[in-house]
Amino acid sequence: MGLIRHPPPLESRVRNAATLGGFARGTATGGAPLAHLAIYKVCWAIPKQEKADGNTCFEEDMLAAIDDAIGDGVHVMSISIGTREPAPLIEDSIAIGAFHALQNNIVVACSAGNEGPAPSTLSNPSPWVITVGASSVDRAFFAPLVLGNGMEIKGQTVTPYKLDKAYPLVFASDVVASNVHKNLTSQCLANSLSPTKVKGKIVVCMRGSGTRVAKGMEVKRAGGFGFILGNSQANGNDVIVDAHVLPATSVGYNDALKILNYIRSTKDPMARIGLARTVIHYRPAPVMASFTSRGPNVIHPSILKPDVTAPGVNILAAWSGATAPSKLYEDKRLVKYNIISGTSMACPHVAAAAALLRAIHPEWSSAAIRSALMTTAWMKNNMGGPIADHSGNAATPFQFGSGHFRPEMAADPGLVYDASYTDHLLYLCSYGIKNVSPKFKCPTVSPSIYNFNYPSASLPRINGTVTITRTVTNVGASSSVYFFSARPPPGFSVKAFAWGFVLQSCGAEEELHRNSKSQGRFHGEWSQQG
């Protein structure tokens, strides 16, 4: 859990930062390089388990850390902690702690979780936190895989080893021990491979059960010379790279099928794995990660989550010298930087942007900062097309929220959807939680939960017409003119009671009403003149 406070006097940059093998080499700098970080440890390794299998985070430690951070006067919290499944609000310790941070106008950014691609899996769904999904960047680590028939497949890896010579290629299911369950024969789990069948070969293992790096370690244990990690259908063509312990490369689902077809159709299949290289300006990017947790929001159905997406796939990150890059006990390599994937990588990007916005606009509320990041987000990739998911289909707001964040645009959003601490208390009244603060009493009739002043809108189970109200505040130039437009899907109509308006001064507000008819979701936007 990282927390951002006041800036130190000098900027921090690291030249020639790179992971094992020199991948992603360049000058490393934080998203808010002048920020001061206070780190609170709340997660712990699980006894008698590999660190690669994950850790555990106790609610008492998380609440204590948030409470200490509030007392320390932080401005932004970055909480890269998620749950296996959505937790009810009254059982969600991060949501409870973040609500106390809200009372102190602290911005809280949280990871959406890594339980995708299944729907309704996201963590941290409360409206007072910025919930961040994960997507790719325009960088790849291509490692050519050449099959015996001459076919070359672009795998990806940050493993600094290669096989210049071709070796026999086998599928894990064909070289397992006799006691392995049929459903797990392709997974290369611990002690599942037969050394007599694997020795001196390249083994194709599939994703699904177990960790990616542990599969490579199992191939090495059994005497394999190389390792190919193939995506399952659920992972699509979303390739996650790792620093494996032997020559290895990872391939998407479609390429995995090509490799398996080659093995099945060839008497003596062979392959070699070339040395990987870093490629920048890769297209298309961003692409939504298969693992990023998705909506709809089952805890707060009227709140669309996640809020934004940010870089979270194959990210260069500082690394502890006490742990190997694979986090496996038998791996004795040590590095200063590692390539990591997860919404835990995406969350700090947004927290850093929030810190910059707090420095630029110290008068803004935490809700205004969240609004600026959401309303300036972008839904297109670097080829001008829509952001896609891991299978190549157009992604949806249940994956990316308002889109991929753009910090430089968020500094001047024009309008913000602001919400005070009292507004959030009223939201809880509408939600059914009424005794949050002894100084606040819920009204006899709570406002419509759909009218909470959030930058996005989610209208589940609509039958007929629903009217929602939003209030926008001008944080741009005086005498600005704004126009409303909407792109509803087929069978769904949207009508705004104010299609255009003028805000004469910075801080001026305008209340807006929109009718949404029939079923579905819509995307609306404001364009500015002046």
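The shown structure was predicted, so the numbers you read here are calculated from the model rather than taken from an experiment.

**Things to note about the nonpolar core**
Point 1. Core analysis: the biggest nonpolar cluster contains 68 residues, and Met-77, Ile-79, Val-108, Trp-128, Ile-130, Val-350 and Leu-373 have the highest contact counts within it.
Point 2. Ranked by residues supplied to this core, first place goes to helix H6 (residues 343-360) with 9 residues.
Point 3. Not counting the four nearest positions on each side in its chain, Trp-128 is found in contact with Leu-89, Ala-95, Ala-98, Phe-99, Leu-102, Arg-370, His-424, Tyr-427 and Leu-428.
Point 4. Counting 21 residues, the second-largest nonpolar core is a separate cluster that includes Val-175, Cys-205, Leu-246 and Leu-328.

**So, the state of the cysteines**
Point 1. The final tally for this structure, using the stated rule, is 3 disulfides.
Point 2. Residue pairing for Cys-188: its cysteine sulfur links by disulfide to Cys-205, the two sulfurs lying 1.9 Å apart. Because the torsion about its S-S bond is -80°, the bridge between Cys-188 and Cys-205 counts as left-handed. Placement of the pair is Cys-188 in the loop between strand E12 (167-171) and helix H3 (195-198) and Cys-205 in strand E13 (residues 202-206), with a sequence separation of 17 residues.
Point 3. Look at Cys-188 and you get buried, because its relative accessible area is 1%.
Point 4. Look at Cys-205 and you get buried, because its relative accessible area is 0%.
Point 5. Disulfide pairing is shown between Cys-429 and Cys-442; the S-S distance is 1.9 Å. Disulfide Cys-429-Cys-442: the torsion about the S-S bond is -85°, which places it as left-handed. One end of the pair, Cys-429, is in helix H10 (residues 421-431); the other, Cys-442, is in the loop between H10 and strand E22 (465-474), and 13 residues separate them in sequence.
Point 6. On the basis of relative accessible area, Cys-429 is assigned to the buried category, the value being 3%.
Point 7. Shown here for the chain is a disulfide pattern of 1-2, 3-4, 5-6, where each number marks a bonded cysteine counted in sequence order.
Point 8. The thiol of Cys-110 is not disulfide-bonded; the next cysteine sulfur, from Cys-347, is found 6.0 Å away.

**Let's talk about the packing of helix H1 (residues 59-72) against helix H2 (residues 93-103)**
Point 1. Relative to each other, H1 and H2 sit at 10°, their axes nearing to 9 Å. On the basis of their axis angle, the class for H1 and H2 is roughly parallel. Judged by residue contacts, Glu-59, Met-62, Leu-63, Ile-66 and Ile-70 of H1 engage Ser-93, Ile-94, Gly-97, Ala-98, His-100 and Ala-101 from H2.
Point 2. Looking at the contact of H1 with H2, its residues break down into 7 nonpolar, 3 polar and 1 charged.

**Remarks on the environment of Arg-221**
Point 1. Here Arg-221 lies in helix H4 (residues 212-221).
Point 2. Look at Arg-221 and you get partly exposed, because its relative accessible area is 41%.
Point 3. Spatially, the C-alpha atom of Arg-221 lies 45 Å from that of Val-76, the residues being 145 residues apart in sequence.
Point 4. In this view, Arg-221 contacts Asn-191, Ser-192, Leu-193 and Pro-195; residues no more than four positions away in its chain are not counted.
Point 5. At 2.7 Å, the side chain of Arg-221 forms a polar contact with the side chain of Glu-218.

**Considering the pairing of E13**
Point 1. Across the 5 residues of E13, 5 count as buried, placing the element largely inside the fold.
Point 2. By the bridge criterion, 3 bridges tie E12 to E13 in an arrangement that is parallel. Paired with Phe-171 across the strands is Val-204, a residue of E13.
Point 3. For E13 and strand E14 (residues 226-230), the ladder comprises 5 bridges, and the chain directions are parallel. Paired with Met-206 across the bridge in E14 is Gly-230.
Point 4. In terms of handedness, the path from E13 via H4 over to E14 forms a crossover that is right-handed.

**Let's talk about the UniProt feature "domain: PA" (unreviewed entry) in the chain**
Point 1. UniProt annotation of "domain: PA" (unreviewed entry) refers to residues 184-259 when read in the numbering used here.
Point 2. Overall, residues 184-259 shows 28% helix and 18% strand. The separation of its end C-alpha atoms is 19 Å.

**Some details on unusual backbone geometry**
Point 1. Of note, the amide linkage connecting Gly-116 to Pro-117 takes the cis form, showing an omega dihedral of 5°.
Point 2. One can find Pro-117 in the loop between strand E8 (107-111) and strand E9 (130-135).
Point 3. Here the bond from Arg-283 into Pro-284 is cis, since omega is -5°, no more than 30 degrees from zero.
Point 4. Tracing the chain through its elements places Pro-284 in the loop between strand E17 (277-280) and strand E18 (308-311).
Point 5. If you check the backbone angles, Cys-188 has positive phi at about 55° while not being a glycine.
Point 6. With phi around 65°, Lys-327 is a residue other than glycine that occupies positive phi space.
Point 7. Positionally, Lys-327 belongs in the loop between strand E19 (315-318) and strand E20 (337-340).
Point 8. The exposure class assigned to Lys-327 is partly exposed, which follows from its relative accessible area of 32%.

Calculation rules
- Residues numbered from 1 in each chain as written.
- Predicted model: local features only at pLDDT ≥ 70, side-chain atom pairs only at ≥ 80, totals over all residues.
- Heavy atoms only, no water.
- Core = buried A, V, L, I, M, F, W, Y, C linked by side-chain atoms within 4.5 Å.
- Buried < 20%, exposed > 50% of the residue type's maximum accessible area, 1.4 Å probe, protein only.
- Helix = DSSP H or I, 4+ residues; strand = E, 2+ residues; numbered from the N terminus.
- Contact = heavy atoms within 4.5 Å.
- Disulfide = S-S within 2.5 Å.
- Axes fitted to C-alpha atoms, helices over the stretch in contact; angles between N-to-C directions.
- Parallel < 35°, antiparallel > 145°, perpendicular 65-115°, else oblique.
- Nonpolar A, V, L, I, M, F, W, Y, C, P; charged D, E, K, R; others polar.
- Polar contact = N/O pair within 3.5 Å; in protein donor to acceptor, adjacent residues only side chain to side chain.
- Pairing = 2+ DSSP bridges.
- Right-handed = clockwise from strand over helix to strand, strands pointing away.
- UniProt positions renumbered as here; feature names shortened; annotations may be inferred.

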